[in-house]
Amino acid sequence: MPLMSLSPSQRLASVDDLLLYRLSHLTAAAGAVVVRLCEGGYGITRREWGLLAQLHGYPGGLLPSELAERMHRDRARTSRTITALLGKQLIERTALPHDRRSVRVSLTPEGQVLYAQLMPQIQAINSQILSVLSHEEAASLDDALERLRVQALAVQASMSPDLPKADRRRGRTASALAAKPKQALTRDRP
């Protein structure tokens, strides 16, 4: 079959054909609208909106570690987002009675009002983006996205033991650092 008659997902000839690259472009285009709405209209970041949205429906709140897991974020980044929202009085922390070091995070009344105002607008943006798909295409997309998520988790699980760990402070992998010969601290002088 000629290369040009293949779809990008079948071709995978360049970075522009790669699924994750194409999804990142969709996320960037759609996310830009959400960022402008959140930041310009409500003074919160998209990450802060995501945390508020995760807390909605949990009147008893969630543990910060649960939030990090639900948002697929590391705990440090989630903690910074929690701190920002505490400062904006959109969420509150409540110490657990059996362990005063652990806390649950929940929406304040102000956070609930913000959610109620913002969620319909975010839903409308999503509906506008999806409006180019028929009902059947939207259902197929939902099915395909779920199957891709499950497959990605399977690929992650099968590859994780073999993938090198990153040394994020240096921007390289630990195995690349170990394989590279160490340079002398002193230079040869002429």
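Up top is the structure these notes are about.
The structure reproduced in this document is the subject of the present report.

The full count for this structure, using the stated rule, is one aromatic pair. Centroid distance tryptophan 49 to tyrosine 115: 5.6 Å. Interplanar angle 20°. Geometry classified as stacked. A residue pair is termed long-range when its members are at least 10 positions apart, and tryptophan 49 in helix α3 (residues 46-55) and tyrosine 115 in helix α6 (residues 109-130) qualify at 66 residues. Judged by relative accessible area, which is 13%, tyrosine 115 ranks as buried.

Here the focus is the layout of surface pockets. A volume near 2,500 Å³ is recorded for the largest pocket. Lining the largest pocket are 41 residues, with Leu23, Ser24, Leu26, Thr27 and Leu145 sitting closest to its centre. Elements with a minimum of two residues in the lining of the largest pocket: α2 (19-42), α3, α4 (64-71), α6 and α7 (135-159). Residues belonging to the lining of the largest pocket are distributed by class as follows: 23 nonpolar, ten polar and eight charged.

It is worth spelling out the pattern of salt bridges at this point. As enumerated under the stated definition, the model contains five salt bridges in all. A salt bridge links arginine 104 to glutamate 66; its shortest N-O distance comes to 3.6 Å. A residue pair is termed long-range when its members are at least 10 positions apart, and arginine 104 in strand β2 (residues 99-107) and glutamate 66 in helix α4 qualify at 38 residues. Among the residues examined, arginine 104 registers a relative accessible area of 28% and is labelled partly exposed. Among the residues examined, glutamate 66 registers a relative accessible area of 29% and is labelled partly exposed.

Here is what the cut-offs are and how they apply
Residues numbered from 1 in each chain as written. Predicted model: local features only at pLDDT ≥ 70, side-chain atom pairs only at ≥ 80, totals over all residues. Heavy atoms only, no water. Phe/Tyr/Trp six-rings, centres within 6.5 Å; stacked < 30°, edge-to-face > 60°. Helix = DSSP H or I, 4+ residues; strand = E, 2+ residues; numbered from the N terminus. Buried < 20%, exposed > 50% of the residue type's maximum accessible area, 1.4 Å probe, protein only. 1 Å grid on protein atoms, 1.4 Å probe; cavity = no way out; pocket = protein on both sides within 12 Å on 5 of 7 lines; lining within 4 Å. Points joined across faces, edges and corners; volume = space filled by probe spheres on them. Nonpolar A, V, L, I, M, F, W, Y, C, P; charged D, E, K, R; others polar. Salt bridge = Lys/Arg side-chain N within 4 Å of Asp/Glu carboxyl O.

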